[in-house]
Structures are given as structure tokens and as C-alpha cells.
Amino acid sequence: MTGFARAEGSVGPFRWAWELRSVNGRGLDLRLRLPPGLERLEPAVRKAISSSFQRGNIQLALTVSRDETPLQPVVNEAALDAVIDIVKQLADRVDATPPTLDGLLNLRGVLEIREPDIDPEDARKEEDAVMECLQSAISGLAAMRESEGEKIGLFLSSQVDGVETLVRRIDADPSRQTDAIVERLAAQVKLLRQADGDLDENRLHMEAAILAAKADLREEIDRLTAHVEACRTLLENGGAIGRKLDFLAQEFNRETNTICSKSNAASVTALGLELKVLIDQFREQVQNLE
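Residues numbered from 1 in each chain as written. Predicted model: local features only at pLDDT ≥ 70, side-chain atom pairs only at ≥ 80, totals over all residues. Heavy atoms only, no water.

On to helix α7 (residues 218-237). In this model α7 runs 29 Å from its N-terminal to its C-terminal C-alpha over 20 residues, within 8% of the 28 Å that 1.5 Å per residue would give. Within α7 the residues assigned to the buried category are Glu220, Ile221, Leu224, His227, Val228, Cys231, Leu234 and Leu235. Down the axis of α7, the sector holding all buried residues measures 145°, keeping them to one side. Residues Glu236 and Asn237 are exposed on α7 and point more than 90 degrees away from its buried face. On its buried face, α7 is in contact with α4 (120-172), α8 (242-262) and α9 (266-286). Of the residues trailing α7, Gly238 is marked for its positive phi of about 70°. (Helix = DSSP H or I, 4+ residues; strand = E, 2+ residues; numbered from the N terminus. Expected span 1.5 Å × (residues − 1). Buried < 20%, exposed > 50% of the residue type's maximum accessible area, 1.4 Å probe, protein only. Arc of directions from axis to C-beta. Contact = heavy atoms within 4.5 Å.)

Let's shift gears to the layout of surface pockets. Space inside the largest pocket adds up to approximately 440 Å³. In terms of lining, the largest pocket is formed by 19 residues, of which the most central are Glu146, Gly149, Glu150, Gly239 and Leu289. If you tally residues by element for the lining of the largest pocket, the top one is α4, at 8 residues. Of the residues belonging to the lining of the largest pocket, the class tally is 8 nonpolar, 7 polar and 4 charged. (1 Å grid on protein atoms, 1.4 Å probe; cavity = no way out; pocket = protein on both sides within 12 Å on 5 of 7 lines; lining within 4 Å. Points joined across faces, edges and corners; volume = space filled by probe spheres on them. Nonpolar A, V, L, I, M, F, W, Y, C, P; charged D, E, K, R; others polar.)

Two numbers describe how α7 lies on α8: the axes approach to 10 Å, and their chain directions differ by 160°. Classified by the interaxial angle, the pair formed by α7 and α8 is roughly antiparallel. As α7 runs across α8, the sense of the crossing is left-handed. Taken together, the residues of α8 that come into contact with α7 (itself represented by Glu220, Arg223, Leu224, His227, Val228, Ala230, Cys231, Leu234 and Leu235) are Lys244, Leu245, Leu248, Glu251, Phe252, Glu255, Thr256, Thr258, Ile259 and Lys262. Of the residues assigned to the contact of α7 with α8, the class counts are 10 nonpolar, 3 polar and 6 charged. (Axes fitted to C-alpha atoms, helices over the stretch in contact; angles between N-to-C directions. Parallel < 35°, antiparallel > 145°, perpendicular 65-115°, else oblique. Left-handed = near helix turned anticlockwise from the far one by under 90°.)

Structure below.
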């Protein structure tokens, strides 16, 4: 789920650029950096991101600039009126030359030199263009993540094949054959009878049968096989499958732990440990998927 995308544009003197960076994450964690004056775009930006991505730590930054525009002189009407009122009030009390226009304009606060105000309609068009450009950046990031996901998918498919191979080897292990199980149980019963000759033989055989049933791996093997098929279906269908595969990886691990705990053959235990290593690699790579 790593990737980078950049998109930029302009409307008249207004220019902007979006930068999106994504790294792996179990859920969706979005961090925004918007310039002053455009904070109101945050809800729309978050909605756009969450509509396109479900996992990953995504950092998003918007930078804006505006070409230099000619400054405009603006008369502060309120300040000018106040000055004129004062001149009228003092006209009868002070014998002085009436103020000239340039003199009035030179008074501090009467004439201001500033950038022209942005028309609200123009500002709305600028914001619309910025959000439209964001969709372009999102598409670029999604394409990069999808390309990475295809490569990871191939690796995960090979890991699933490896899991299936090991499960089949466990299923076919000689220690799971009926004759081997009977022979092993008979040897255990013989040892118990030698240790205590007063043991009830029927009860002893009953307990041995219960232990044999508990040690059977058929159920775990069947579930692992079903999980293998579920993983293949998800990988073939594509889409947002990261969390589902993560769940199946946990189930792989659960069944394998049970096999290792129930196993009474070194060969099966060794295969189980090998399976756990493969599952850990599978689960680690699943974190990189959407």
C-alpha cells in the first residue's frame, strides 16, 4: 500500500499542487495539511480519500500560491467622512486654509493600498477546481498501489500454494495411517499394563480410543484446505481483500498451532513448524494489501 502521487493546476492567477503519500497500515489513517483559508475543504477531502481507500497511512498536502496582482488604492470612506466632519466642526473656531484633496488622502488610514478582494464566485470556482484536481491525484495514487498489489498478489498466491503442499504432506504422513496409529496405541497400552497390571483392559482400550480421536488431525486439515480455497478465490476476484486475507492468515495459524499441539509424530510437528513460517510470511505481506 505504498505509493506517491502529485497533481497540480491553476485558475487565472491562482495555482495549487496536491501531494499524496501512502505507506502500509492496518486501517485507514489520514493526515491532512491544508493552507490557511482552505481548512473548510477538510470534510470533502476526507470523504474523497475514504471513498477510494480502506487501508494505509496516507499523508496529503495542498500548497497554493497566487500570482502577483497590481495593488489597488482604496479609500476608507468611514475614515474620510470622519475627517471631513471634524474639518467642518473646526471651521468656525480656527482660521485656517481648507484642506486640499491630496492633503486628506495623505492622512493615515484614509487611503489604503491593498490587493483587490477576491470575488466569492471566483473563490468558489477555485475551490471546485482544487477538489477536481484532488481526484486526479487520488487516481494516480490508486494506480500505483494497484500495481504494487498485483506483484504482492503473485507472491501471496505462491505462498498459498506452499501452504497447500505442506497440508497435503501432513495429510499423507505415514504416522497418520491407521496401522501406524494402532501400532502406536498398542505400544502405549502395553507400557501402561506393564506399569500397573491391575488396569482394567476394557477401560484402558476405551481411553486409548478417546485419545486417538482427540489426536486425529482430519478436522484441522479439512479447515486448512478450505482456507486455501478461500484465499485463492479472494486473490482471483481482487478488490479490497486485505482484511479478509488477514483474517484467513489468523485462521491458518490457529489450525497449524492445533496440529502441532495434537501431533504425536516428529515428522508432522516438523511440517507444522515449516507451515507456521510460511504463514507468518504470508501474513506479513497481507499487511501491504488494500
